[in-house]
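# Fold and contact review
Listed below, chain by chain, are the residues.
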Amino acid sequence: MLKGKKILLGITGSIAAYKVISLARELVKKGADVRVVMTPSALSFVTPLTLATITKNPVHSAYIADELTGEWSNHVELGKWADLMVIAPLSANTLAKLVTGECDNLLLAVVLSLSCPLVVAPAMDLDMSDHWTTVGNLKILKDKGVNVLDFDEGELASGLVGKGRMKEPEYILEIVDEFFDLKSNLKGKKLLITAGPTYEAIDPVRFIGNHSLGKMGFAIAAEAVERGAEVVLISGPTQLETPSNLERINITSAAEMFKAVEEHYDSCDSLIMSAAVADYRPAVVAENKLKKEKDSLQSIQMEPTQDILLNCGKNKKRQVLIGFALETENELENAKKKLSNKNLDLLVLNSLRDEGAGFGTDTNRVTFVFPDRTQQNDLKTKHDVAKDILDELEKLV
Ligand code: CTP
């Protein structure tokens, strides 16, 4: 359920910090990638060594990670990295600082740089939890969209009995599960994704193909499954391993891809055409292997293949259509034409002129072209580009 989810666990100075060790362990067990940020006071309650061992990631607690080398913990990078941040326990002191925007420690700076939702599980003693400042501060966080978990009641560190205990790790875990479960509106949606090259036969031995390896389409398919989509992956010839929990249909030629897409198109919610489909194929496929009989080969007569995406654009009903374009010149102008000709909702533009983009690499730099705007993205891993594309699809479906 939490496989690959990036969770930032913030720990502040409260005795409830010891319970967070089991929360970290359960998150890791469920496949989450967990990084921990601790306030200086939290270090008195649990050790970074314990949490680093459990999460298999270094724990961050100071701006300067290593005084000798000057290595520093990049709060912006941490804040941008996370899919979700959970601060548990949240002390009265950190709560107040979150409200005023103070950032005299790394955890607070991370929160100020955060670009994902925040869940907090406050913990403090009876009178502190009831104090008007606490009540007011929690309300401000709630009003600002922070998911504030209620206090539990019971015996407190002071010996008093009442409200103030942190929610149990099992409960926090459920909240995290629920967050990722509910988050994606691709859940249950049927996505048709094409990937890889097509091979157009010349004779039984030879073909005309292209350099596509299918990495981008496979990354999108894997991420879509993670988000709960029902995925049919139509793949041209590639060595890539099939991501789990999807239906893979292998095809070789553009004509076969056309047929496979046609079969599934009516029932899908979105078609993502990342395949590098041949535009032409030999008009006649020789029945037998062409022999080397002459000094030069006679020309191969080519005929156009059917444009799959163009056809789907014409027959579009509720489907969201995403196309790809690999251009080498006049990129944006060509991309806008394709978007409109093929009746697309989004065109993902690659330029071969961009370093790190194109065939075979694990990275990509793409521009999103929408009917009303364009958005240029940074060079990212294909996995992260897949996430960006699906984030856009979530808004479109
Ligand atoms: N495409 C398709 N069927 C084809 C050719 C392309 O569905 N026979 C899809 C590709 O998968 C891609 C989009 O159309 O999503 C753009 O492909 P591209 O080859 O760049 O566009 P073309 O319209 O063929 O233009 P050109 O090759 O002239 O740049």
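The model shown is predicted, which means the values in this text are computed figures rather than measured ones.

## Topic: the domain arrangement of the protein chain
Put simply, an interface is often sized by how much accessible area is lost when its parts join up. In terms of domains, the protein chain is made up of domain 1 (6-182) and domain 2 (190-286 + 300-396). Here the C-alpha centroids of domain 1 and domain 2 sit 41 Å apart.

## Here we look at unusual backbone geometry
In the segment running from alanine 88 into proline 89, the intervening peptide bond is cis, with an omega of -5 degrees. Considering the arrangement of structural elements, one finds proline 89 in strand 5 (residues 84-90). In this structure, lysine 56 takes a positive phi of about 60 degrees despite not being glycine. Looking at the element boundaries, lysine 56 is found in the loop between helix 2 (48-55) and strand 3 (64-66). The backbone phi angle of asparagine 330 is positive, close to 40 degrees, even though this residue is not glycine. Looking at the secondary structure, you find asparagine 330 in the loop between strand 18 (320-327) and helix 12 (331-341).

## Some details on the site of the ligand
Neighbouring the ligand are 15 residues, the closest being Met273, Ala275, Asp279, Lys338 and Lys342. Backbone polar atom of methionine 273 to an oxygen atom of the ligand: 2.8 Å apart, as the coordinates give it. One nitrogen or oxygen atom from the side chain of aspartate 279 is found 2.8 Å from an oxygen atom belonging to the ligand. Protein chains bury 76% of the 560 Å² of accessible surface belonging to the ligand in isolation.

## Here's the deal with the sheet that holds strand 21 (residues 366-369)
In space, the eight strands of this open sheet follow the order 14-13-10-15-18-19-21-22, with mixed pairing throughout. The open sheet has two edge strands, strand 14 (247-250) and strand 22 (374-376), and neither has a second partner. Taking the axes of each pair of neighbouring strands and ignoring which way they run, one obtains an average angle of 15 degrees across the sheet. Where strand 10 (residues 190-195) meets strand 15 (residues 270-273), four bridges bridge the pair, whose relative direction is parallel. The partner of leucine 192 across the bridge, within strand 15, is leucine 271. Sitting on the sheet, helix 10 (residues 254-265) touches strand 10, strand 13 (230-235), strand 14, strand 15 and strand 18, and the angle it makes with strand 10 is about 175 degrees.

## As for a nonpolar patch on the surface
Together, Ile15, Tyr18 and Phe45 line one region of the surface with nonpolar side chains, adding up to about 310 Å² of accessible area. Checked against the element boundaries, isoleucine 15 lands in the loop between strand 1 (6-11) and helix 1 (20-29). Exposure remark for isoleucine 15: the relative accessible area of 47% places this residue in the partly exposed category.

Rules used throughout
- Residues numbered from 1 in each chain as written.
- Predicted model: local features only at pLDDT ≥ 70, side-chain atom pairs only at ≥ 80, totals over all residues.
- Heavy atoms only, no water.
- Domains from an automatic or database assignment.
- Helix = DSSP H or I, 4+ residues; strand = E, 2+ residues; numbered from the N terminus.
- Near = heavy atom within 4 Å.
- Polar contact = N/O pair within 3.5 Å; in protein donor to acceptor, adjacent residues only side chain to side chain.
- Areas by Shrake-Rupley, 256 points an atom, 1.4 Å probe, with all protein chains shown as cover.
- Pairing = 2+ DSSP bridges.
- Axes fitted to C-alpha atoms, helices over the stretch in contact; angles between N-to-C directions.
- Contact = heavy atoms within 4.5 Å.
- Patch = residues over 30% accessible without salt bridge, like charges linked within 9 Å, V, L, I, M, F, W, Y side chains within 5 Å.
- Salt bridge = Lys/Arg side-chain N within 4 Å of Asp/Glu carboxyl O.
- Buried < 20%, exposed > 50% of the residue type's maximum accessible area, 1.4 Å probe, protein only.

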